[in-house]
Amino acid sequence: DAGVTQSPTHLIKTRGQHVTLRCSPISGHKSVSWYQQVLGQGPQFIFQYYEKEERGRGNFPDRFSARQFPNYSSELNVNALLLGDSALYLCASSLDYRTDTQYFGPGTRLTVL
Amino acid sequence: AQRVTQPEKLLSVFKGAPVELKCNYSYSGSPELFWYVQYSRQRLQLLLRHISRESIKGFTADLNKGETSFHLKKPFAQEEDSAMYYCALRDNAGNMLTFGGGTRLMVKP
């Protein structure tokens, strides 16, 4: 198993554009969480999905949205990009959404110019 | 609101010296605490969790509810321990992790 995979690895966008980031969880994992990691800071929780339903949402504006597909993969969408959205976006998967260990992917580096 | 604080951005020690990475938290209930580690060019990975009460790679961490701390310790640092260390808290409601700002550990030869 390759672990959690994310695509793309790197992405450059300009202000006002839209971006979609993708995540494939470890096989058998039904929960996916998204985190934003700004340079020099720890990861900050954005969303958690379990069985295709949103189970948690962090303190992020409505420009951020996500969804989970029947195969448990997930997309994170960000609209109207701002310079401050430049960060490493991490995806983590776990068996369930309450008690299991979260396993992180390598992240997608988003740069907004 | 829950919060995790790692007061040191950088900790530099010599090989063989003891290491203590500090972590303090604020949370009104009974949290679950974790230490995650990120080695150079690798993904974030779990090092240990307080409910397991185990030692991983020689590291241990004890949850002190009175002092609201979960410091990570190792008696003799190795060069391969050089990495970024993050303390994280999970609340009772779900699986959301709240991370501290991280401490970079540098172990010098």
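Conventions adopted
- Residues numbered from 1 in each chain as written.
- Chains lettered and ligands numbered in written order.
- Predicted model: local features only at pLDDT ≥ 70, side-chain atom pairs only at ≥ 80, totals over all residues.
- Heavy atoms only, no water.
- Phe/Tyr/Trp six-rings, centres within 6.5 Å; stacked < 30°, edge-to-face > 60°.
- Buried < 20%, exposed > 50% of the residue type's maximum accessible area, 1.4 Å probe, protein only.
- Helix = DSSP H or I, 4+ residues; strand = E, 2+ residues; numbered from the N terminus.
- Lys NZ or Arg CZ within 6 Å of the ring centre and 35° of its normal.
- Pairing = 2+ DSSP bridges.
- Disulfide = S-S within 2.5 Å.

Peer 1: I'd like a description of the packing of aromatic side chains, backed by residues and values.
Peer 2: All chains considered together, the criterion is met by 11 aromatic pairs over all chains. Seen in terms of ring centroids, A:Phe47 and A:Tyr49 are 6.2 Å apart; in terms of plane orientation they differ by 55 degrees. Their pairing is tilted. When sorted by exposure, A:Phe47 lands in the same class as A:Tyr49, which is buried. Seen in terms of ring centroids, A:Phe104 and B:Phe99 are 6.1 Å apart; in terms of plane orientation they differ by 75 degrees. Their pairing is edge-to-face. Taken together, the positions of A:Phe104 in strand E10 (residues 103–104) and B:Phe99 in strand E10 (residues 97–99) put the pair across two chains. Of the two residues examined, A:Phe104 and B:Phe99, each falls in the buried class. A network of ring pairs unites the aromatic residues A:Tyr35, A:Phe45, A:Phe104, B:Phe34, B:Tyr36, B:Tyr86 and B:Phe99 as a single cluster. The ring of B:Phe14 has B:Lys108 sitting right over it, with the charged end atom 4.3 Å from the ring centre.

Peer 1: Mind laying out the pairing of strand E7 (residues 64–68) of chain A, listing which residues take part and the relevant values?
Peer 2: Residue and element names in this part refer to chain A. Residues Phe64, Ala66 and Gln68 point to one face of E7 and are all buried, whereas Ser65 and Arg67, pointing to the other face, are not buried. Both E7 and strand E8 (residues 74–78) contribute to a ladder of 5 bridges, which runs antiparallel. Directly across from Phe64, in E8, lies its bridge partner Val78. Taking the residues that link successive antiparallel strands as the turn, the E7-E8 hairpin has 5 residues, and the phi of Tyr72 there is positive, at about 75 degrees.

Peer 1: Could you give an account of the sheet that holds strand E8 (residues 72–74) of chain B, naming the residues involved and the relevant values?
Peer 2: Residue and element names in this part refer to chain B. As summarised here, the arrangement of the 3 strands in space is E3-E8-E7, forming an open sheet in which the pairing is antiparallel. Either end of the sheet is taken by a strand with one partner, and the two such strands are strand E3 (19–21) and strand E7 (60–61). Note: E7 against E8, 2 bridges, orientation antiparallel. Following the sheet pairing, Thr60 is matched in E8 by Lys73.

Peer 1: I'd like to hear about the state of the cysteines, residue by residue, with values.
Peer 2: Here the structure, examined in full by the defined rule, presents 2 disulfides over all chains. Here A:Cys23 is linked by a disulfide to A:Cys91, with a sulfur-sulfur distance of 1.8 Å. Its S-S torsion of about -60 degrees marks the bond between A:Cys23 and A:Cys91 as left-handed, since a negative value means left-handed. Residue A:Cys23 is located in strand E3 (residues 19–24), and its partner A:Cys91 is located in strand E9 (residues 87–94); the two are separated by 68 residues in the primary sequence. Residue classification places A:Cys23 among the buried positions, given a relative accessible area of 2%. Note that B:Cys23 is cross-linked by a disulfide to B:Cys87, the S-S spacing being 2.0 Å. Disulfide B:Cys23-B:Cys87: the torsion about the S-S bond is -65 degrees, which places it as left-handed. Of the two residues, B:Cys23 is situated in the loop between E3 and strand E4 (24–26) and B:Cys87 in strand E9 (residues 83–90); the sequence distance between them amounts to 64 residues. In terms of burial, B:Cys23 and B:Cys87 fall into one category: buried.

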